[in-house]
Amino acid sequence: MSVDDTKKLDESKGRTGQPVRRSLLARHEAAEREAAESAHRPRAERAILVAVEFTAQRRKKKLTAAAQSARKSASVSASAAALDSLDDSLGNSLDGEDWDADESPGARRRAATEEPSLADLDFEASLAEFEELTRSAGAEVAATLIQRRPKPDPATLIGQGKLEEIEAVLASTGADLVLFDHDLSPSQLRNLEARLPCRVIDRTQLILDIFARHARTREGQLQVELAQLEYQLPRLAGRGKSMSQLGGGIGTRGPGETQLETDRRKINLRIDHVKEQLEAVRRIRKRQRREAVPVPVVALVGYTNAGKSTLFNSLTEAGVLESSRMFATLDPKLKQLQLPSRRKILLSDTVGFIRNLPHTLVTSFRATLEEVERAQLLLHVRDASSAMVEEQKVQVERVLAELDVARTPRIEVLNKVDLVADDGPMPMGAPGSIAVSGLKKLGLENLLAAIDMALVEDPLVEMRFRIPQSEGAVLAALEAGAVLKEKLFEGNLAYVSARGPESLLGRFRRFIACEPED
């Protein structure tokens, strides 16, 4: 605000001009501060996404149940192809009239049955997932380039023509980096970085960056560092003898240790140190478990963004972060939960899985996934509203097999049923699957009852006790940890019929009544 404007304001307002002027000056200073902060605030990086589909590998993939069903439908439509051509030929000559090609019987049948192929749907879902990964990393999508080729190019993965197209898009959009929806070999990464005037990041490095953003605990940060070091180790590029460390005495002159060897040695030493720290964390956790009272652990597992954290909050009221961003939950969360039988469990919310999850990430984050390994029951949370729900199930089961927990008892939980249309199809779940809505808190009672019945290590039993009224501690323990179906008092005795965990009721076997009393 200029000085002349201030004088005019004083003259028009008279003596009341001072407070008005101070208010306007304060507003002007606040606007200047906001503009200065926005100028210094780092802008989101703009990325070009590159997705490549290899058609030769598509034919080699093992068909899932959904793909086999689609193939059967295709065989039926293939048998109708002859009818289509016959209808077209007859339609053009029937009664001497000319049929419109789009209105012939064969064309109408093809229009009614033509749908995108299963491979196309899978590729589109993978591309949408990659775009969501990019946004979760804090980047903006400047452009998306798609390529279909028989096999990968050994030097650059994409070939010379697509590389020139990326250079042109970089020049027109001014993007900061190029993201590949594939893992790049060390040589491919070096060739791309030498050719492109920006950073090049592959799928694994992008996921590691998201993990680093969400790691809050010391253990999570150590696991992210370990995964990043193991990723960088084979991708080091030294400069050979030009960066050699030469000796200074007789018999020590020569090529010496190159910079590449030095970097590898430093990274290997750091990897060993981080692994030792993680092993110390595991030892402390195991010692704490031995000292604590044994409580069954039930772990939530599933595809990322399936609604595990929302369901976790609905069951435990823990208030953990709920986000549509991928890998929003990295560090495991544990919360005690009481079941309808009054026994208590520890419910664990774990990191979500994703398709083509690198094996190095699974091994590096074994401490985080340790809750899955020691769980007595797994709740496989599936997004019932997703079009790729069956494909996501296959990916989750693949990771569970890598963790050697494929035989752990599990319950399939079809989440987000509130988003499924009334006339829409529900995904086929395993026998005993439970349909719930974590957001609307629908079906949670059925889920808790199913957990109660599925815990086999400490099964529910029913016993009848005859307890002296002087044993108030026994009565209090039964009321707190079991469901009392009947309680009668006769004289100084209490006849109690209780249903609860065998570990609890078995502690009071000396009070078991031989015969039920009327």
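All values derive from a computational prediction rather than experimental measurement.

Each value, and the rule that gives it
- Residues numbered from 1 in each chain as written.
- Predicted model: local features only at pLDDT ≥ 70, side-chain atom pairs only at ≥ 80, totals over all residues.
- Heavy atoms only, no water.
- Helix = DSSP H or I, 4+ residues; strand = E, 2+ residues; numbered from the N terminus.
- Contact = heavy atoms within 4.5 Å.
- Axes fitted to C-alpha atoms, helices over the stretch in contact; angles between N-to-C directions.
- Parallel < 35°, antiparallel > 145°, perpendicular 65-115°, else oblique.
- Nonpolar A, V, L, I, M, F, W, Y, C, P; charged D, E, K, R; others polar.
- Buried < 20%, exposed > 50% of the residue type's maximum accessible area, 1.4 Å probe, protein only.
- Pairing = 2+ DSSP bridges.
- Salt bridge = Lys/Arg side-chain N within 4 Å of Asp/Glu carboxyl O.
- Left-handed = near helix turned anticlockwise from the far one by under 90°.

Chemist: Would you mind going over the environment of Phe 508 with me for this structure?
Modeler: When you line up the elements, Phe 508 lands in the segment after α19 (502-505). Not counting chain neighbours up to four residues away, the residues in contact with Phe 508 comprise Phe 465, Val 474, Ala 477 and Leu 478.

Chemist: So what exactly am I meant to see when it comes to the packing of helix α13 (residues 308-316) against helix α17 (residues 444-454) here?
Modeler: Two measures define how a pair of helices packs: the angle their axes make with one another and the distance between the axes. Where α13 meets α17, the closest approach of the two axes is 11 Å, and the angle between their N-to-C directions is 85°. Relative to α17, α13 is oriented roughly perpendicular. Where α13 abuts α17, its residues Leu 311, Ser 314 and Leu 315 lie against Leu 444, Leu 447 and Leu 448. Residue composition of the contact of α13 with α17, grouped by class: five nonpolar, one polar and no charged.

Chemist: When you look at the side chain of Thr 408 in this model, what are you seeing that I'm missing?
Modeler: Structurally, the position occupied by Thr 408 is in the loop between α16 (389-402) and β9 (410-415). Its relative accessible area of 16% is what places Thr 408 among the buried residues.

Chemist: Would you take a moment to explain the sheet that holds strand β5 (residues 297-302) for this structure?
Modeler: Two pairing modes exist for strands in a sheet, parallel and antiparallel, and in both the strands are linked by backbone hydrogen bonds. Taken in spatial order, the six strands make up an open sheet running β6-β7-β5-β8-β9-β10, and their pairing is mixed. Single-partner strands in this sheet number two, and they are β6 (333-338) and β10 (434-435). Across five bridges, β5 lies against strand β8 (residues 377-383) in parallel orientation. The partner of Leu 300 across the bridge, within β8, is Leu 379.

Chemist: Help me understand the side chain of Gln 147, please; the structure alone is not making it clear to me.
Modeler: Residue position: Gln 147 is located in strand β2 (residues 140-149). Beyond its immediate sequence surroundings of up to four residues, Gln 147 is in contact with Ala 51, Val 52, Glu 53, Ile 158 and Lys 162.

Chemist: When you look at the pattern of salt bridges in this model, what are you seeing that I'm missing?
Modeler: Opposite charge on two side chains allows them to pair when their charged atoms are near. Scanning the entire structure with this criterion turns up 20 salt bridges. Through salt bridges with shared partners, one network takes in Arg 382, Glu 390, Lys 393 and Glu 412.

Chemist: Got a minute to help me understand the packing of helix α10 (residues 203-214) against helix α11 (residues 218-232) in this structure?
Modeler: Across the interface, α10 lies against α11 with an axial gap of 10 Å and an inter-helix angle of 160°. Overall, the two elements α10 and α11 adopt an arrangement that is roughly antiparallel. Judged by the sense of rotation from one axis to the other, the crossing of α10 with α11 is left-handed. Seen from α10, the contacting residues are Thr 204, Gln 205, Leu 208, Phe 211 and Ala 212; seen from α11, they are Val 224, Ala 227, Gln 228 and Tyr 231. Here the residues of the contact of α10 with α11 are counted per class, giving six nonpolar, three polar and no charged.

Chemist: What's the story with the pairing of strand β1 (residues 46-54) in this structure? I'm lost.
Modeler: The two faces of a sheet get side chains in turn, since along a regular strand they alternate between them. Within β1, eight of the nine residues are buried, which leaves it mostly tucked inside the rest of the structure. Bridging between β1 and strand β3 (residues 177-180) involves four bridges; their strand directions are parallel. Bridge pairing links Leu 49 to Leu 179 in β3.

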